[in-house]
Amino acid sequence: LSSQKHGRQDSAVGGHSFPPMPPSQIEANKQLLKQMFTHAWDSYMYNAFPASELQPLTCRPGTFNLVRIPALTLIDTLDTLIIMNNYTEFARSVERLRYLDQSMQREFSESGMNKENLRKGEQGGIFSVNQNVSLFETTIRVLGGLLSAHQLAEAFMKKK
């Protein structure tokens with residue numbers, strides 16, 4: 001409240017104001033965050049892709065039982081790759097998803113699976129998995145990941 005009287009925009013927590021963080025600390029925090037993200041991303045890609053997740057204690061592929069879509073972590077992380085300015089890995093990831101989808105379509109058609117489970121026009125693929133899923137988790141991780149990545153990619157392409 002006192003900071004509002006004097007026109008300052010200090011953050012207040014529990015009634016106490018904290019001074020702004022020095023630029024050197026902000027930069028150090030950004031670098032640490034980027035290193036932590038890169039470590040997690042590389043671990044998933046090396047140990048778990050195309051599984052939906054990486055089990056942290058065993059570093060083995062896992063299935064997120066609320067969604068059950070292959071490459072879930074990759075889909076959920078597309079927007080973060082753009083935010084981290086890792087456009088090369090973003091492009092690779094989009095191609096990985098395209099390849100995985102095409103592979104699943106081929107596998108579906110070659111296996112002679114029951115096509116009655118597909119909606120009209122579907123050919124099988126990543127998003128044609130006939131599973132019960134959590135609407136909330138699917139919305140935030142799959143739909144949210146794809147929409148935010150699309151919006152960020154569009155914004156980035158307009159800058160270029």
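As a reminder, the structure under discussion sits directly above these lines.
Where do I start with the overall build of the protein in this structure?
The secondary structure content of the protein amounts to 5 helices and 4 strands. In the protein, the order of α-helices and β-strands from amino to carboxyl end is α-β-β-α-β-β-α-α-α. A buried classification covers 28% of the 160 residues belonging to the protein. Relative to all contacts within the protein whose residues are 6 or more apart in sequence, the contacts with residues 24 or more apart total 49%.

What's the story with the pattern of salt bridges in this structure? I'm lost.
Close approach of charged atoms allows side chains of opposite charge to pair. Under the criterion given, the structure shown has 5 salt bridges. In this structure, R92 and E89 form a salt bridge, with 2.7 Å as the shortest nitrogen-oxygen distance. A residue pair is termed a helical-turn pair when its members lie 3 or 4 positions apart in one helix, as R92 and E89 do in helix α4 (residues 87–111) at 3 residues. Taking relative accessible area as the criterion, E89 reaches 10% and is therefore assigned buried. Notably, a salt bridge pairs R98 with E95, separated by 2.8 Å at the nearest N-O pair.

What's the story with the packing of aromatic side chains in this structure? I'm lost.
Aromatic rings considered in pairs are described by the distance between their centres and by the relative angle of their planes. Inspection of the entire model under this criterion finds 4 aromatic pairs. Judged by centre distance (6.4 Å) and plane angle (15°), the ring pair of F37 and W41 falls under stacked. Here the residue F37 and the residue W41 both occupy positions in helix α2 (residues 23–47), the gap between them amounting to 4 residues, near one helical turn. As far as the burial class goes, F37 and W41 line up, both buried. The interplanar angle of 85° and the centroid separation of 6.3 Å between the aromatic rings of Y44 and F49 together place this pair among those described as edge-to-face.

Could you clarify how one ought to interpret helix α5 (residues 135–159) in this entry?
An ideal rise of 1.5 Å per residue puts 36 Å on 25 residues; α5 measures up with 34 Å between its terminal C-alpha atoms. Of all the bends in α5, the greatest measures close to 35° and is centred on G144. Along α5, the positions that sit buried rather than exposed are E137, T138, R141, V142, G145, A149 and A153. Those residues of α5 hidden inside the fold are in contact with α3 (72–83) and α4.

I would appreciate a short explanation of the nonpolar core in the present structure.
Counting residues in hydrophobic clusters, the biggest one holds 23 residues, and the most contacted among them are W41, Y44, L74, F90 and L97. Of the residues forming this core, the biggest block, 6 residues, is contributed by α3. Residues contacting F90, with those up to four places away along its chain left out, are L78, L81, I82, A149 and A153.

Where do I start with the packing of α3 against α4 in this structure?
For any two helices packed against each other, the geometry is given by the interaxial angle and the distance between the axes. Taken N-terminus to C-terminus, the directions of α3 and α4 make an angle of 155°; their axes are 8 Å apart at the nearest point. As the angle between them shows, α3 and α4 are arranged roughly antiparallel. In this structure, the crossing between α3 and α4 has a hand that is left-handed. Contact residues: L74, I75, L78, L81 and I82 in α3; Y87, E89, F90, S93, V94, R96 and L97 in α4. For the contact of α3 with α4, the class distribution of residues is 9 nonpolar, 1 polar and 2 charged.

Rules used in this analysis
Residues numbered from 1 in each chain as written. Predicted model: local features only at pLDDT ≥ 70, side-chain atom pairs only at ≥ 80, totals over all residues. Heavy atoms only, no water. Helix = DSSP H or I, 4+ residues; strand = E, 2+ residues; numbered from the N terminus. Buried < 20%, exposed > 50% of the residue type's maximum accessible area, 1.4 Å probe, protein only. Contact = heavy atoms within 4.5 Å. Salt bridge = Lys/Arg side-chain N within 4 Å of Asp/Glu carboxyl O. Phe/Tyr/Trp six-rings, centres within 6.5 Å; stacked < 30°, edge-to-face > 60°. Expected span 1.5 Å × (residues − 1). Bend = angle between axes of the 7 residues up to and from the residue. Core = buried A, V, L, I, M, F, W, Y, C linked by side-chain atoms within 4.5 Å. Axes fitted to C-alpha atoms, helices over the stretch in contact; angles between N-to-C directions. Parallel < 35°, antiparallel > 145°, perpendicular 65-115°, else oblique. Left-handed = near helix turned anticlockwise from the far one by under 90°. Nonpolar A, V, L, I, M, F, W, Y, C, P; charged D, E, K, R; others polar.

Geometric values such as these leave the question of function open.
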